[in-house]
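Okay, here's what each chain looks like letter by letter:
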Amino acid sequence: MAPCASLLLPVFVILATLPIIQSVPTFFPRPSYDQSLAKQPKASKPKIPYKTHYFPQVLDHFTFQPKSSKIFYQKYLVNSNYWHRGAPIFVYTGNEGDIEWFAANTGFLLDIAPKFRALLVFIEHRFYGESMPFGNNSYKSAETLGYLNSQQALADFALLIRSLKHNLSSEASPVVVFGGSYGGSRLKIPSQLLMLNGYGGTAVLIFLSPVKLVSFFLVFNEKVFSSLSLSVLAAWFRLKYPHIAIGALASSAPILQFDDITPWSSFYDAVSQDFKEASLNCYEVIKGSWEELEALSAQKEGLAELSRTFRACQDLHSLDSVWEWLWSAFVYTAMVNYPTDANFMMPLPAYPVQAMCKIIDGFPSGASKITRVFAAASLYYNYSRAEKCFKLEHGPDAHGLHGWDWQACTEMVMPMTCSEESMFPTSSFSYKEFAEDCMRTFGVKPRPHWITTEFGGKRIELVLKRSGGNIIFSNGMQDPWSRGGVLKNISSSIIALVTEKGAHHVDFRSATKDDPEWLKELRRQEVEIIQGWINQYYPDLKRTNKE
C-alpha cells in the first residue's frame, strides 16, 4: 500500500519507505490550482483595490561579495484609501506565490483599515510572482536559488518597510505585520525523481527504484498557505525585527511543526479527524478506497475503467494521478472547511467536509468505494457542475508557486507521516533518504535543525515569554496545520486565539453577513488586541519625543 503524502500550505517534509509490489499506487500531490479542470488552464487576475509598485531590492543582505549589491525589483501592493501621515501601516508578509492572489484572499485587512485609518501594504516574497532576482533564470541552479531563504525574505520586508516610511515622511507610523500561509510549488526534475507540490506548503518528491518506493513530502501552509504558513514569517518578523513592527497577527502558523516538536502524524490525523467527525462511514469509505483503487488498477483494463469512472479528459497512464487527485481534494477541503461559501482554492459550499460526507453517505450500500470517493472529490473540483471532464494529469501552475521545492529541500524541513488512525495509507520518515534525494535534485543537503536554531521553537513557552511580545497566534482546530501551532497563551502579550470550528486562516477572509458568531468574536478579539498595541504605542512615542 502506498505511503501517506503531505499537501500544503505551511514547509513540511515527509519520507516513507516500503517494499514495492506490482503496480504500487503512489500519491503525487499538487496545489489545488494545479488540479485544473479542462476549461480552466489559467487563473484569471483577481480584481483588487491596490496600486502596484516595485522596490529596488538588494540581492544579498548578509554578505559583501561582488554580487551582493545586485538589485532586483520586488513587487508590492498599496491601498492608501483611509490612511493619513502618522497612522498605522498594516503589512502582509508575502507568501510563496503571486502577491495579488493573496491580497484577493485577505479581505480582513480591507475590513479593518477604516477603523485604524491604516495604510495596507502587501509585499511579494522574493523568487515568487514577479519578484525574480535573476528573471527567467532565477530557478536555473543552486547558484541562483541560494538567495532564496526565509532570512533574506525577512530582511527584504524590513528594508522595504523602512524605505516606505521614509518616503512617506511617516517614520512615526506604527507597523503591524500579518501573515497567513507558506505553500508549495512544482518543478521538473531529472530522471526517476518526480517533484510535485502542494499549496499551503507542500511539495512531494517520489523516487522509484526496482527495489523500493521512497516518497517524501515537502510540506509547508495556507494556501493553506495554504503553508508553513507565511503567518510563520509574520511571527518570525516580529521576533527578528521588533524595532520595525510593533506586533504581528500570525493566522494558522505551524511554527512548531519543525524538528520533533510536534508529532509527525498530527497533520494527517487532523485531516482524518475532520472527516470522522462529519461521518464515521465517510471516513471508513475513504480509508478503504485506496486498496480498492489499487486492486482495480492491477487488472488488465483497470486504468481504462478508472479513466471512465474519473471522467478523465485523456486516458490515464498510471494510478498515480488518481491518488493525487483524490488526496488533494480531501486534504484541501479539510483545510478550507469554512462556515460560508468560499472561493479560496476552489469554489465550495459552506462546511464542504460535511457536504462531501453527505455525498458519500447518500449512496446505496452496494455502491463501490471508488464511485463514492469520486463523487465526493467532484464537489471540490466541480462544484458548479459545468465541467464535462477532468484533467487529472499535467495541470498548469496558475499562481507561480515555483521555488518551494528548493525551500523545502534546504531549511524548511518538516517531517510528516501517516499513522494507523489516518484515513490515508500509513507512512514513516527517513531523513537519510530525504537528504539523498535533495542532493540528487539540487546538489544541496537539507538543514533539518536550522529553523529551530534560527528562530526557536522548542520550549517556545519559555523562550517567547522572555524574549517576545505582541504576537497573536490564531488557529482553528479543523485546520490540519493547527496541530503545529501555538494553542495556549504564552504571556499577557503573546496570545493564542483558538476556535473549535475554524479552518485555515478563516479569520483573514472578508466578513460576510452569514459569518457565525464565533468567527465574528474571533475577529473582534484580534481587532481589540491590535488596538491595544497601537493605543500603547502613541503615548510611548510622545513620551520618548519629550525626552
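All figures in this text were calculated on a predicted structure; none of them were measured in a lab.

Draft legend 1. Here's a closer look at the overall build of the protein. Scanning the protein from N- to C-terminus turns up 16 helices and 14 strands. Per-residue burial over the protein gives 62% buried out of 547 residues. Of the roughly 21,100 Å² of accessible surface on the protein, a fraction of 52% belongs to carbon and sulfur atoms.

Draft legend 2. How the structure looks around the sheet that holds strand S4 (residues 89-93). Within the open sheet, the eight strands sit side by side as S2-S3-S5-S4-S6-S10-S13-S14. Their pairing is mixed. Two strands bound the open sheet, and with one partner strand each, they are strand S2 (51-58) and strand S14 (494-499). Neighbour-to-neighbour, the strand axes of the sheet open up by a mean angle of 20°, direction not taken into account. Here six bridges tie strand S13 (residues 471-476) to S14, and the two strands are oriented parallel to one another. The partner of Phe473 across the bridge, within S14, is Ala496. Packed on one face of the sheet, helix H4 (residues 150-167) meets S2, strand S3 (71-79), S4, strand S5 (119-123) and strand S6 (175-179) and runs near 115° to S2.

Draft legend 3. Local environment of the pairing of S5. Burial within S5 is extensive, with five of its five residues counted as buried. Along S5, one buried face is formed by Leu119, Val121 and Ile123 and the opposite face, lined by Leu120 and Phe122, is buried too. Examined bridge by bridge, S3 and S5 share four bridges and lie antiparallel to one another. What sits directly across from Leu77, in S5, is Phe122.

Draft legend 4. Structural view of the nonpolar core. One finds Phe178, Phe275 and Phe330 to be the most contacted residues of the largest nonpolar core, which totals 87 residues. Here this core gets 11 residues from one element, more than from any other, and that element is helix H9 (residues 320-335). Beyond its immediate sequence surroundings of up to four residues, Phe330 is in contact with Val271, Phe275, Ile286, Trp290, Met356, Val373, Ala376, Met423 and Phe424. In terms of nonpolar packing, the next biggest core, distinct from the first, is built from 63 residues, Trp83, Ala408, Val413 and Ile460 among them.

Draft legend 5. Spatial organisation of the pattern of salt bridges. This model, assessed by the stated rule, comprises 14 salt bridges. Residue Lys520 is joined to Glu517 by a salt bridge in which the shortest nitrogen-to-oxygen separation is 3.4 Å. In this pair, Lys520 and Glu517 both sit in helix H16 (residues 517-546), three residues apart, roughly one turn of the helix. Using a relative accessible area of 38% as the deciding quantity, one classes Lys520 as partly exposed. Put simply, Asp540 and Arg543 hold a salt bridge, and the shortest N to O gap is 2.1 Å.

Draft legend 6. Spotlight on the packing of aromatic side chains. If you walk through the whole model with that rule in mind, you get 37 aromatic pairs. Between Phe310 and Phe374, the ring centres sit 5.3 Å apart and the planes meet at 75°, which makes this aromatic pair edge-to-face. Taken together, the residues Phe310 in the loop between helix H8 (302-309) and H9 and Phe374 in helix H11 (residues 369-381) connect sequence positions 64 residues apart. For the pair Phe310 and Phe374, one class covers both residues: buried. A connected cluster of aromatic rings, assembled from ring pairs, spans Phe267, Tyr268, Trp290, Trp323, Trp327, Phe424 and Trp481. Above the face of the Tyr283 ring, Lys276 is positioned so that its terminal group lies 4.4 Å from the ring centre.

Draft legend 7. Expanded view of the pairing of S13. Extensive coverage of S13 is indicated by the burial of six of its six residues. Here S13 shows a buried face lined by Ile471, Phe473 and Asn475 and a second buried face lined by Ile472, Ser474 and Gly476.

Draft legend 8. Just a nonpolar patch on the surface, in detail. A cluster of nonpolar residues, Tyr54, Ile71 and Tyr73, forms a patch on the protein surface that exposes about 310 Å² of accessible area. Looking at the element boundaries, Ile71 is found in strand S3. For Ile71, a relative accessible area of 38% puts it in the partly exposed group.

Draft legend 9. Main features of the confidence of the model for the protein. Averaged over every residue, the pLDDT of the protein is 82; residues scoring 70 or more account for 81%. Low pLDDT, under 50, characterises residues 5-43; the stretch is placed with 247 contacts to residues that sit more than four places away or in other chains.

Draft legend 10. A look at the state of the cysteines. Applying the stated criterion to the full structure yields three disulfides. Covalently, Cys282 is tied to Cys357 through a disulfide, its sulfur atoms 2.2 Å apart. Disulfide Cys282-Cys357: torsion about the S-S bond near -70°, hence left-handed. Remark: Cys357 occurs in helix H10 (residues 352-361) and Cys282 occurs in helix H7 (residues 280-297); sequence separation between them is 75 residues. On the accessibility criterion, Cys282 (0% relative accessible area) is buried. At a sulfur-sulfur separation of 2.1 Å, the disulfide partner of Cys313 is Cys389. Between Cys313 and Cys389, the disulfide has an S-S torsion of 95° and is therefore right-handed. Here Cys313 is found in the loop between H8 and H9, whereas its partner Cys389 is found in the loop between H11 and helix H12 (404-408), with 76 residues between them in sequence.

Rules behind the numbers
Residues numbered from 1 in each chain as written. Predicted model: local features only at pLDDT ≥ 70, side-chain atom pairs only at ≥ 80, totals over all residues. Heavy atoms only, no water. Helix = DSSP H or I, 4+ residues; strand = E, 2+ residues; numbered from the N terminus. Buried < 20%, exposed > 50% of the residue type's maximum accessible area, 1.4 Å probe, protein only. Areas by Shrake-Rupley, 256 points an atom, 1.4 Å probe, with all protein chains shown as cover. Pairing = 2+ DSSP bridges. Axes fitted to C-alpha atoms, helices over the stretch in contact; angles between N-to-C directions. Contact = heavy atoms within 4.5 Å. Core = buried A, V, L, I, M, F, W, Y, C linked by side-chain atoms within 4.5 Å. Salt bridge = Lys/Arg side-chain N within 4 Å of Asp/Glu carboxyl O. Phe/Tyr/Trp six-rings, centres within 6.5 Å; stacked < 30°, edge-to-face > 60°. Lys NZ or Arg CZ within 6 Å of the ring centre and 35° of its normal. Patch = residues over 30% accessible without salt bridge, like charges linked within 9 Å, V, L, I, M, F, W, Y side chains within 5 Å. pLDDT = per-residue confidence, 0-100. Disulfide = S-S within 2.5 Å.

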